[in-house]
Structure formats: C-alpha cells, structure tokens
Amino acid sequence: MEKYLVIGNPIKHSLSPILHNYWFKAHNEDAIYEKKKVEEVELEGLISNVKSGKISGINVTVPFKNSIIKYLDKLSIIAEKTQSVNTIFKTDGKVCGHNTDCEGFVLSLIQTKFKIEGKNAFILGAGGVTPSIIYSLKSKSISEIYVSNRTKQKAENLKKLFPEIKILDWGKRPKKFDIIINTTSVGLKENDKIEIDFSDCRDKLFYDLIYSGKTKFLKERELSNYTKNGMSMFIFQAQKSYETWLGYKPHVDDKLWELLSN
Ligand code: ATR
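All of the points below concern the structure found in this document. (Residues numbered from 1 in each chain as written. Predicted model: local features only at pLDDT ≥ 70, side-chain atom pairs only at ≥ 80, totals over all residues. Heavy atoms only, no water.)

## Points about helix α2 (residues 43-52)
Filter applied, for reference: Each residue gets one of three labels from its accessible area relative to the maximum for its type: buried under 20%, exposed over 50%, partly exposed in between, using a 1.4 Å probe on protein chains only. Here a strand is any run of E in DSSP of at least two residues, a helix any run of H or I of at least four, and the numbering for each starts at the N terminus. What the arc describes is the spread of directions from the helix axis to the C-beta atoms. The criterion used for residue contact is that any of the two residues' heavy atoms lie within 4.5 Å.
Regarding α2, the residues found buried are Leu-43, Leu-46, Ile-47 and Val-50. Viewed along the axis of α2, the buried residues span an arc of 100°, placing them on a single side of the element. α2 presents Glu-44 and Ser-52 as exposed residues on the side facing more than 90 degrees away from its buried surface. At its buried positions, α2 is contacted by β1 (2-8), β2 (31-37), β3 (57-60), β5 (87-91) and β6 (94-98). Remark: Gly-53 follows α2 within two positions and exhibits a positive phi of approximately 95°.

## Quick look at the pattern of salt bridges
The cut-off we apply is this: Salt bridges are defined as contacts in which a side-chain nitrogen from Lys or Arg sits within 4 Å of a carboxyl oxygen from Asp or Glu.
If you walk through the whole model with that rule in mind, you get 13 salt bridges. Among the salt bridges present, the one from Lys-70 reaches Glu-40, with a minimum N-O distance of 3.6 Å. Of this pair, Lys-70 sits in the loop between β3 and β4 (74-75) while Glu-40 sits in the loop between β2 and α2, placing them 30 residues apart in sequence. Residue Glu-243 pairs with Lys-249 through a salt bridge whose shortest N-O separation is 3.3 Å.

Treat this as a map of the structure, not an account of what it does.
Next comes the structure, spelled out in structure tokens:
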C-alpha cells in the first residue's frame, strides 16, 4: 500500500486526509493518507523515507513550507520563486518540492469571476502561504500589492522575493484597494477579529484563506461586498498535489463538498 502524509504543527485541524482518502477510494487506489504532527528535527528523516520509497508523497503545511526546502534535491520553478513547498514527490531518484497553493488560489479566483487584472490587492499577514498569494496575483497581472503584518519585519522580508510590494503598518489600510485577502490565522477562533475598519467598503472582494466556514472578516462584509472562504483553494491545491503524485486529476463532486463542509 502506498503511503502519503500531511505534516505540520499543529496538524489536528487538517482536512487533507479526508479529501485524499476520499479520492483514493473513489479511484480504487491502494493507498492511504495520514496526518502527522512533526518537529523540525524530524524533517530530514521524513525526506529520507520519500527517497527510499517508504513514503510516496508528502504535503507540507504551517510552519514548514520554507524550512523543508534545505532537505530537498530539487524545486519546481514556482516553489523556487515563492520559497515555499507544499507538495513533495520523487522523480528519477530525486526528492522534489513543488508548490500547488498558487494554482489552487488562481483557480479559486477564476471561480469568483472577479476581475483581477489592473486591480489593487491588500494582503493581511506574512506567513507561510503569503508568498504564494503574491506570486499568484502577479501572474494575474494585478496592479499594486500592499502587505500588512503584525510583525512588520516579516512583511519587509517578503520584499526580498517580491521587491515591488508595498508594506503598511499593522492596522492601516491602503487608500485604494479592490481585493483584500486574509492570510493570517485570525478568525480561526470564534471571537477573533481583525481590528481594521472596513465598514465603508462596497463591491470589493473579501477573501479569507481560512477554509472552515465563514469568519467574522467575511460575515461582517458579505452584504455589500463579494466574499470567499478558503475551501475551494484548499480543494484545488489538493487536486493538483494528487495529480502530481498519481498522474491524473481526481474528481471534485458534490459529495466531496458535503464531506468537507460537515
Ligand atoms: P508562520 O508565520 O509560522 O508561517 P502562519 O500560520 O503561516 O505561520 O502565519 C501566521 C500569520 O498570522 C502571521 O502573519 C501572523 O502574524 P505575525 O507574523 O505577526 O506572527 C498572523 N497572526 C497570527 N495571530 C495574529 C494576531 N492575533 N493578530 C495579527 N496577526 C496574527
């Protein structure tokens, strides 16, 4: 039986096993997908297990998307550009890191039918997934990208990868923006709230990468703006990981949406 893993810390909340095991069953694959909470010191050993064939593929989540890179033999172009890896696979004896978050995000944006080209984006947060969001928005010819993070230095560090971004102090917002994306973990807990006043906003796209239900960030804006949570990005990035490992795209059907929403 082929073994796949998602690794992170924390990992309890991850829905990836439900999703991938659903697909393995639907496509009669003799494979199992598990979640594993790991510490930094275990990363090298896990990559050796991919090299030896004990593990067929790994998804990587917070906080290891960048720190895993030093143990890999090769990176895809997108993983290189974003310095972020969420999918690990073996090819020609080499352990490779790829990033499917970008494609997942772009596909989810296409679903919204919100035009991105020439617009201004405001990104909240500068964590592990933020480089993928910036890269994706650039690929869709966004105009300006503003980034604001509680720890300003982390936002400043993103300029090494993307010199064109503009950094704002935490709590401030740009004068003009059309799409705002929450990449922070604020909203995971029920009473979490981002303390920025958006009450004057109309017809903007409020996108929260958190995929469990609707956060306050979305609920408070949904009457006068477009809103989207992270579920479709989550499904699309997983679909791309699965395709990277198995060589074909698994189906996304209503039953799957139902399974993940409950
Ligand atoms: P990591 O930073 O380890 O990659 P992450 O979950 O990808 O982890 O990122 C967490 C993001 O949520 C960060 O942007 C973090 O801001 P800091 O860099 O200042 O830590 C942000 N975040 C988490 N809790 C927050 C809070 N209470 N208020 C504002 N931002 C918060």
